[in-house]
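Summary of the model geometry
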Amino acid sequence: MTGAAGFIGSHTAVELMAAGHDVVGVDNFANSSPGAVERVHRLADGRFTFVELDLRDRTSLNELLRRRPVDAVVHFAARKAVGESVDIPLDYYDTNVNATLGLVSVMLERGVNRLVFSSSCSIYGEAESMPIREDAPARPTNPYARTKWMCEQILADVCQRHPDWQVTSLRYFNPAGAHPSGLLGEDPRGVPNNVLPYIAQVAVGRRAELSIFGDDYPTPDGTGIRDYIHVVDIAEGHRLALEALGEATGHRVINLGTGHGTSVRELLTAFSAACGRELPSRVVARRPGDVAELVADPSLARELLGWKATRDVADMCRDAWNFQRHNPNGYAETDRGGTEQ
Ligand code: UD1
């Protein structure tokens, strides 16, 4: 598992190990914390091996897979902030595309031909109709989304050339929430880009108020609508995708979403209910590049993987708040050696 210390990686590692899989995780901590690895170890019951490694270091990766052969790879490691990708596109192409090329080359060399790839609904850009099916045209509108689209195309080409390859790209919508144990959650560095971790930091007193990016969208309350999906549902989706790889060769693309849209105001109300006080907000200008609504049609995941999200926005807010209040500064305490449970 690449990006094993990240938000979705750490939760998926725990889910896989709970289902009896052994996981070898790698991460270079570019945007994650050793504290997350320590927590995964705590939840994993001895099945977790972790190696600090930069995927672009093909020699070390090759050596690792020689020492620790694996049946399949789950590839999360990537940068994921849309705005940042506009500022530093080369870093995004290097981390997201170049590292994927390195990973696939090493997999070819080591004879590993099964992969679950972490893709994104941002590939759809401004979709013409909602909810979005996988056959909607790809119209990525920023470098981040283009890196995900390029990686999917690279994987499709590799599958063409190597007909025994089994690859699933999971395009997920807006991951949110945290592990119900309160040990794992989302811990972005600096000011959170994404709305739910931002709200959680308002709730814990680290930020004064939520800036609502526009309330003049053509939606019922004027604020943007997204398909928020609980990170544990996403983790289960990865497990099922991994376990289903053997059912088909070639490259499959599958949405992970709930099919339900929630507005920024509705999310704020749900989080206020979870933390027991009304959280302050202020409407500001729209954020450049944002669209009014993004909601998945998740029926293909149900058909091919037997997967369906079972957790709702209230669950996401409850679990995100549970993590945030027990870890007000994220994993920082664990990095200094303490615990806070
Ligand atoms: C973006 C990307 C998605 C990526 C995800 C995680 C697009 C279209 N989507 O999702 O691919 O996987 O980030 O990095 O590129 N909002 C506020 N105030 C805030 C922050 C956000 O009002 O402080 C609003 C936004 O305008 C939007 C909603 O909250 O309507 C969700 O925003 P965000 O959490 O940043 O996710 P996306 O932009 O949907």
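Note: the structure precedes this text.
Keep in mind the model is a prediction, meaning the values are calculated, not measured.

Counted by the stated rule, this structure contains 23 salt bridges. Among the salt bridges present, the one from arginine 171 reaches glutamate 152, with a minimum N-O distance of 2.7 Å. On the criterion of sequence distance, the pair formed by arginine 171 in strand β5 (residues 166-172) and glutamate 152 in helix α6 (residues 143-161) is long-range, its members being 19 residues apart. Neither residue differs from the other here; arginine 171 and glutamate 152 are each classed as buried. Note that aspartate 319 is salt-bridged to arginine 318, the shortest N-O span being 3.0 Å. According to the relative accessible area criterion, aspartate 319 is buried, its value standing at 5%. Under the relative-accessibility criterion, arginine 318 is labelled partly exposed at 45%. Salt bridges sharing partners connect three or more residues here, namely Glu15, Arg239 and Glu243.

Another point: the packing of aromatic side chains. Enumeration according to the criterion identifies five aromatic pairs in this entry. Aromatic side chains phenylalanine 48 and phenylalanine 50 sit 6.3 Å apart centroid to centroid with 45° between the ring planes, which places their arrangement in the tilted category. Accessibility expressed as a relative area gives 7% for phenylalanine 48, which makes it buried. Three or more aromatic residues joined by ring pairs make a cluster, and in this case those are Phe29, Phe48 and Phe50. In this arrangement the basic side chain of arginine 207 is found over the ring face of tyrosine 198, its NZ or CZ atom lying 6.0 Å from the centre. Against the face of tyrosine 217 rests arginine 286, its NZ or CZ located 3.9 Å from the ring centre.

Turning our attention to the site of the ligand. Neighbouring the ligand are 21 residues, the closest being Val195, Ser211, Arg226, Arg287 and Asp290. Within the backbone of valine 195, a nitrogen or oxygen atom sits 2.8 Å from an oxygen atom of the ligand. Here an oxygen atom of the ligand sits 2.9 Å away from a polar atom, N or O, in the main chain of phenylalanine 213. For the ligand, the accessible surface in isolation is 750 Å², of which the surrounding protein chains cover 92%.

Under the criterion given, the structure shown has zero disulfides. The closest cysteine sulfur to the non-disulfide-bonded cysteine 159 is located on cysteine 151, 13 Å from its own sulfur. Since its relative accessible area comes to 7%, cysteine 159 is described here as buried. This cysteine, cysteine 317, is not joined by any disulfide, and cysteine 275 carries the nearest cysteine sulfur, 9.0 Å off. Judged by its relative accessible area of 0%, cysteine 317 falls in the buried class.

This next bit is on the sheet that holds strand β10 (residues 250-256). Pairing between the strands of a sheet comes from backbone hydrogen bonds, and it takes one of two forms, parallel or antiparallel. Ordered in space as β3-β4-β5-β10, the four strands form an open sheet in which the pairing is parallel. This sheet does not close on itself; its edge strands, each paired only once, are β3 (73-75) and β10. Taking the axes of each pair of neighbouring strands and ignoring which way they run, one obtains an average angle of 20° across the sheet. By the bridge criterion, three bridges tie β3 to strand β4 (residues 114-120) in an arrangement that is parallel.

Calculation criteria
Residues numbered from 1 in each chain as written. Predicted model: local features only at pLDDT ≥ 70, side-chain atom pairs only at ≥ 80, totals over all residues. Heavy atoms only, no water. Salt bridge = Lys/Arg side-chain N within 4 Å of Asp/Glu carboxyl O. Helix = DSSP H or I, 4+ residues; strand = E, 2+ residues; numbered from the N terminus. Buried < 20%, exposed > 50% of the residue type's maximum accessible area, 1.4 Å probe, protein only. Phe/Tyr/Trp six-rings, centres within 6.5 Å; stacked < 30°, edge-to-face > 60°. Lys NZ or Arg CZ within 6 Å of the ring centre and 35° of its normal. Near = heavy atom within 4 Å. Polar contact = N/O pair within 3.5 Å; in protein donor to acceptor, adjacent residues only side chain to side chain. Areas by Shrake-Rupley, 256 points an atom, 1.4 Å probe, with all protein chains shown as cover. Disulfide = S-S within 2.5 Å. Pairing = 2+ DSSP bridges. Axes fitted to C-alpha atoms, helices over the stretch in contact; angles between N-to-C directions.

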